[in-house]
Amino acid sequence: MTPEVSDYRKQEESITLERLDHDPATGISSDLLTLNIGPHHPATHGVLRLIVTLEGEIVRDIKPVIGYVHTGIEKTAEQKAYWKVIPVIERMDYLSYYFNAMAYCGSVETLTGVEVPKRAQYLRVIHMELNRIMSHMVWLGTSALDLGAMSMFWYCFRERETILDLFEMSSGQRMHTRYFQVGGVMEDIPLGFEKKLRQFLKTMPSRADKFADLLENNEIVLQRLRGTCPLSEERLLDLGVTGPLLRAAGNPWDLRKTAPYSSYEDFNFKIPVGTVGDNYDRYRVRHAELYESVKIIEQALDGLPEGPYITEDRKYALPPRHELATSMEALIHHFKLVTEGFRVAEGEAYYPIESPRGELGCFIRSDGSSKPARVHMRDPSFVNLQATAEMCTDTYIADLIATLAMLDPVLGGIDR
Amino acid sequence: MPDATGLELIAGEIRDSAPGAVISTKHDRGRAEIEITPESVHPVVAMLKERGYTFLASLHGLDYWPDEPRLGVIYELLDMKTVDRISVKTRVTVENPTVASVIDLWSGADHPEREVFDMFGVVFEGHPDLRRILMPEDYEGHPQRRDFPVGGEEVIFTYNEKTMPGWTE
């Protein structure tokens with residue numbers, strides 16, 4: 001199925017995207033221009049550098065250059081006790097910190113065999129889905145900005161602020177909250193959190209409707225998104241692309257459904273999929289995910305079970321403060337955890353979850369000590385970036401900017 | 001993940017098609033892993049791809065220092081139809097760190113292979129553009145190796161830019 005072609009695009013059909021070779025009869029010859037975009041360019045969503053070969057306005061080749069914000073977090077993680085790795089791991093993909101922590105904690109929990117209480121699993125789901133909405137808000141705002149829609153940015157960041165306030169309520173931090181711990185979460189949600197969250201859940205779907213009204217009746221947005229830079233499902237799978245980009249091409253692959261973790265099997269939600277996999281589908285899929293995330297949070301909040309919010313296994317979780325004054329055992333555990341941390345038996349684990357950008361997998365090798373011997377994050381942005389060249393070759397440079405926006409790369413995650 | 005019997009069946013199939021390729025199999029804490037010799041990586045991975053593990057979920061390296069052979073490369077393969085994961089591991093020495101590239105099987109192996117080369121110095125033969133990806137082009141050494149020191153690299157500020165070797169000239 002090909003999308004309807006607008007009049008503007010029809011005009012462009014007279015222009016051929018074929019490579020022009022020197023023709024002595026007409027005197028037309030093609031010159032290739034190599035243009036450097038970035039690393040400091042607002043349209044690259046971070047410090048991404050693209051070396052683009054242009055023929056006129058048409059992109060012939062793209063070479064992404066990355067590594068400008070490489071901070072060696074994986075190396076740093078090897079120097080720290082397991083539970084002290086969480087704060088640094090969260091700073092990789094700085095828009096989906098709860099997901100980074102979840103992948104890491106899940107991997108450690110697999111290695112140690114720690115049981116996560118049901119309440120903690122639900123609290124994790126609530127925070128992860130809020131984080132997904134927050135990440136999509138940043139994506140929608142900045143992407144619309146790239147397409148020339150200034151006001152979208154303010155509206156999206158308003159919603160994001162509300163979510164950050166909620167994060168601040170539950171953990172004391174707006175970003176990089178260190179809320180997820182091995183075996184559960186740091187603290188239970190405070191009084192008033194539920195009321196504020198319910199208020200947000202009530203307004204969010206109507207706000208998302210309004211975002212759609214603003215964008216989807218906008219001729220410029222439609223012309224720049226519809227039918228631009230599609231890529232087939234087979235090619236995306238070959239390139240390792242997952243997440244909304246793959247779903248936009250019609251493949252309903254979502255780890256929350258196919259391999260549920262953290263009690264995702266308890267919730268009733270749908271996987272939005274696209275049809276042709278163009279930029280418009282990529283936008284639609286992410287936009288539809290906002291509603292699904294709201295639905296998941298509502299169900300998790302309604303069915304939030306009573307019980308502990310972190311494992312009762314004192315070998316892995318800090319004892320509650322009041323126990324320290326009365327229990328010698330608790331004091332010993334506290335001291336051991338804070339000074340050395342817990343030890344993990346030798347082994348390897350790979351724990352994949354569905355982040356806002358695709359499969360986020362955390363690989364950990366433990367060597368029996370209290371520090372991981374290797375932490376590796378399979379970051380979806382890093383892998384998805386490989387698809388840029390294939391999507392944008394032989395299209396206009398303006399479509400490259402739109403595609404980059406719809407690709408939603410986070411450079412902190414790419415460079416780690 | 002295949003169960004322990006399923007893993008042995010797959011390992012048996014590999015042994016039939018490539019004798020001597022399988023070094024060991026491990027089924028531990030929800031992870032099925034086959035360790036193979038570095039020479040047999042490409043045929044074994046291609047065979048598993050034919051068998052249904054069509055998606056290369058992740059490709060990463062690790063260092064087993066001080067054990068030998070030190071460097072490891074792990075291929076996390078995924079069968080999307082049955083939602084089944086299997087890990088293929090190979091280990092190479094620092095002296096001869098070569099593994100065949102799987103970029104002809106998955107174009108998406110490009111960035112991960114470059115990352116493993118950058119961080120561990122594993123050379124993927126057949127990779128068309130094996131350059132550093134995260135570290136600067138002129139960087140020396142492979143920082144994720146376990147014997148690579150942490151810290152000790154001078155950072156350029158205005159007060160020490162004159163004394164930083166090779167910076168001002």
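Residues numbered from 1 in each chain as written. Chains lettered and ligands numbered in written order. Predicted model: local features only at pLDDT ≥ 70, side-chain atom pairs only at ≥ 80, totals over all residues. Heavy atoms only, no water.

**Thoughts on the sheet that holds strand β6 (residues 347–355) of chain A**
Hydrogen bonds between backbone atoms are what pair the strands of a sheet, whose relative direction is either parallel or antiparallel. All names here are of chain A. Selection rule: When DSSP locates at least two bridges between a pair of strands, those strands are taken to pair. Elements are defined by DSSP. Helices are runs of H or I of four residues or more, strands are runs of E of two residues or more, and each kind is numbered from the N terminus. Lines are fitted to the C-alpha atoms to define the axes, a helix being fitted only along its stretch in contact, and any angle between axes, read from their N-to-C directions, falls within 0 to 180 degrees.
With respect to topology, three strands assemble into an open sheet ordered β6-β7-β8, the strand pairing being antiparallel. At either margin of the open sheet sits one strand with a lone partner, and together these are β6 and β8 (372–378). Going from strand to strand, the sheet's axes swing by 15 degrees on average, the running direction of each strand aside. Pairing between β6 and strand β7 (residues 358–366): nine bridges, direction antiparallel. Across the sheet, the residue bridging to Y351 is C362, located in β7.

**Brief notes about the interface of chain A and chain B**
Size of an interface, as often reported, equals the accessible area lost when the parts are brought together. Where we set the bar: Any pair of residues with heavy atoms lying within 4.5 Å of one another is described as a contacting pair. By definition, the buried area sums, over both parts, the 1.4 Å-probe accessible area that each loses when the two are put together. The term salt bridge refers to a pairing of a side-chain nitrogen on Lys or Arg with a carboxyl oxygen on Asp or Glu at a separation within 4 Å. Identification of polar contacts relies on pairs of N or O atoms within 3.5 Å, with a donor-acceptor requirement for protein atoms, meaning one able to donate a hydrogen and the other able to accept it, and with residues adjacent in sequence counted only if both atoms are side-chain atoms.
If you look at the interface, chain A gives 44 residues, while chain B gives 41 residues. Taken over both partners, the interface formed by chain A and chain B buries close to 3,400 Å², and the fraction arising from carbon and sulfur atoms is 52%. Our count for the contact surface shared by chain A and chain B stands at six salt bridges. The shortest N-O distance in the salt bridge between R146 of chain B and D367 of chain A comes to 3.7 Å. Connecting chain A to chain B are 21 residue pairs in polar contact (both at pLDDT 80 or more).

**Describing a nonpolar patch on the surface**
All names here are of chain A. Put simply, the rule is: What goes into a patch is any residue over 30% in relative accessible area without a salt bridge, connected to like charges within 9 Å or, for nonpolar side chains (Val, Leu, Ile, Met, Phe, Trp, Tyr), within 5 Å. Under the convention used here, a 1.4 Å probe and the Shrake-Rupley method define accessible areas, while residue burial counts only the protein chains that appear. For each residue, the accessible area found with a 1.4 Å probe, counting protein chains only, is set against the maximum for its type, and the residue is called buried under 20%, exposed over 50%, and partly exposed in between.
A grouping of L145, M150 and W154 is seen on the molecular surface, where their side chains present a nonpolar patch of about 330 Å² in accessible area. Position of W154 among the secondary structure elements: in helix α6 (residues 150–171). A relative accessible area of 51% means that W154 is categorised as exposed.

**Some remarks on the environment of E194 of chain A**
Residue and element names in this part refer to chain A. If you trace the backbone, E194 turns up in helix α7 (residues 193–216). Classification of E194 by relative accessible area gives partly exposed; the value is 39%. The sequence separation of E194 and D302 amounts to 108 residues, and the corresponding C-alpha distance is 9.9 Å.

**Focus: the confidence of the model for chain B**
We count it as follows: Predictor confidence is given residue by residue as pLDDT, running from a minimum of 0 to a maximum of 100.
Taken over all residues, the pLDDT of chain B has a mean of 86, while the share at 70 or more is 95%. ipTM for the predicted complex: 0.88, alongside a pTM of 0.89.

**Structural notes on the side chain of D408 of chain A**
Residues and elements named next belong to chain A. Mapped onto the secondary structure, D408 falls in the loop between α17 (397–407) and α18 (411–415). Reaching out from D408, the side chain makes a polar contact with the side chain of R357 at a distance of 2.9 Å. Not counting residues within four places of it along the chain, the set of residues in contact with D408 comprises W139, R286, R357 and S381.

**Digging into the pattern of salt bridges**
Counted according to the given criterion, the structure contains 47 salt bridges over all chains. Between D254 of chain A and R247 of chain A there is a salt bridge, with the nearest N and O atoms lying 3.4 Å from each other. Of the two residues, D254 of chain A and R247 of chain A, both sit in the buried class. Here K89 of chain B ties to E33 of chain B by a salt bridge, and the two come within 3.2 Å at their closest N and O atoms. Taken together, the residues span a long stretch of sequence, with K89 of chain B in strand β5 (residues 84–92) and E33 of chain B in strand β2 (residues 31–36) at a distance of 56 residues. The class of K89 of chain B is buried, set by a relative accessible area of 5%. Each member of the salt-bridge network shares a partner with another, and the members are E129, R132, R247, D254, R256, E289 and E354 of chain A.

**Quick word on the side chain of R145 of chain B**
Threshold: Residues scored as positive are Lys and Arg, those scored as negative are Asp and Glu, and His as well as the terminal groups of each chain are ignored.
You can see R145 of chain B is positioned in the segment after β7 (123–125). Of the side chains with opposite charge, D63 of chain B comes closest to the buried, unpaired R145 of chain B, at an N-O distance of 5.6 Å. Setting aside anything within four residues of it in sequence, one finds R145 of chain B in contact with K75 of chain A together with D63, R70, L71, V94, M119, F120 and G121 of chain B.

**Some points on the pairing of β7 of chain A**
In summary, the side chains of a regular strand alternate between the two faces of the sheet. All names here are of chain A. Counted residue by residue, β7 has nine buried out of nine residues, so it is predominantly covered. Linking β6 back to β7 in an antiparallel pair, the connection comprises two residues. Two elements, β7 and β8, share six bridges in a ladder whose sense is antiparallel. Considered in β8, the bridge of G361 is made with R378. The turn linking β7 back onto β8 is made up of five residues, and G368 within it adopts a positive phi angle of 95 degrees.

**Structural notes on the packing of aromatic side chains**
Residues and elements named next belong to chain A. The test is simple: When two rings of Phe, Tyr or Trp (its six-membered ring) have centres within 6.5 Å they constitute a pair, described as stacked for plane angles under 30 degrees, edge-to-face for angles over 60, and tilted for the intermediate range. Two conditions define a charge sitting above a ring: the NZ of Lys or the CZ of Arg must be within 6 Å of the ring centre, and it must be within 35 degrees of the ring normal.
Applying the stated rule across the entire model yields 17 aromatic pairs over all chains. Each member of the aromatic cluster is reached from another via a ring pair, and the members are Y97, Y98, F167, Y179 and F180. Here the guanidinium or amino end of R124 rests over the ring plane of F180, the centre of that ring lying 5.5 Å away. Over the ring of F269 we find K257, and its NZ or CZ is 4.1 Å from the ring centre.

**Overview of the nonpolar core**
As a reminder of what qualifies: By convention a nonpolar core is built from buried Ala, Val, Leu, Ile, Met, Phe, Trp, Tyr and Cys residues, the set being connected through side-chain atoms within 4.5 Å.
Core analysis: the largest hydrophobic core is formed by 166 residues, its most contacted members being Y104 and L197 of chain A together with Y75 of chain B. The residues contacting Y104 of chain A, other than those within four sequence positions of it, are Y82, V85, I86, I89, C362, I364, P372, V375 and M377 of chain A.

**Description of helix α3 (residues 82–90) of chain A**
The buried fraction of α3 of chain A amounts to seven of the nine residues, a majority that puts the element mostly inside the structure. If you check which residues of α3 of chain A are buried, you get Y82, W83, V85, I86, V88, I89 and E90 of chain A.

**Quick notes on the environment of I296 of chain A**
Residues and elements named next belong to chain A. Position of I296 among the secondary structure elements: in helix α12 (residues 279–302). Classification of I296 as buried rests on a relative accessible area of 0%. Sequence separation between I296 and H376 is 80 residues; the distance between their C-alpha atoms is 29 Å. When near neighbours in sequence (up to four residues on either side) are disregarded, I296 contacts V125, E129, R256, Y264, F267 and F269.

**Digging into the sheet that holds β2 of chain B**
Residues and elements named next belong to chain B. On the basis of which strands lie adjacent, the open sheet formed by five strands has the order β1-β2-β5-β4-β3 and mixed pairing. Of all strands in the sheet, those with a lone pairing partner are β1 (22–28) and β3 (55–63), marking the two edges. Between one strand axis and the next, the sheet turns through 20 degrees on average, direction left out of account. Sheet strands in contact with helix α1 (residues 4–17) are β1, β2 and β5, and its direction is about 170 degrees off that of β1. Here helix α2 (residues 41–50) sits on the sheet in contact with β2, β4 (71–79) and β5, set at roughly 175 degrees to β5.

**Focus: the pairing of β5 of chain B**
Residues and elements named next belong to chain B. Most of β5 sits inside the fold, with nine of its nine residues counted as buried. In β5, alternate side chains face the same way, and those of D84, I86, V88, T90 and V92 on one face and R85, S87, K89 and R91 on the other are all buried. With four bridges connecting them, β2 and β5 associate as parallel partners. Counterpart to I34 in the pairing with β5 is V88. In this structure, β4 lies alongside β5, joined through nine bridges in antiparallel fashion. The partner of I74 across the bridge, within β5, is K89.

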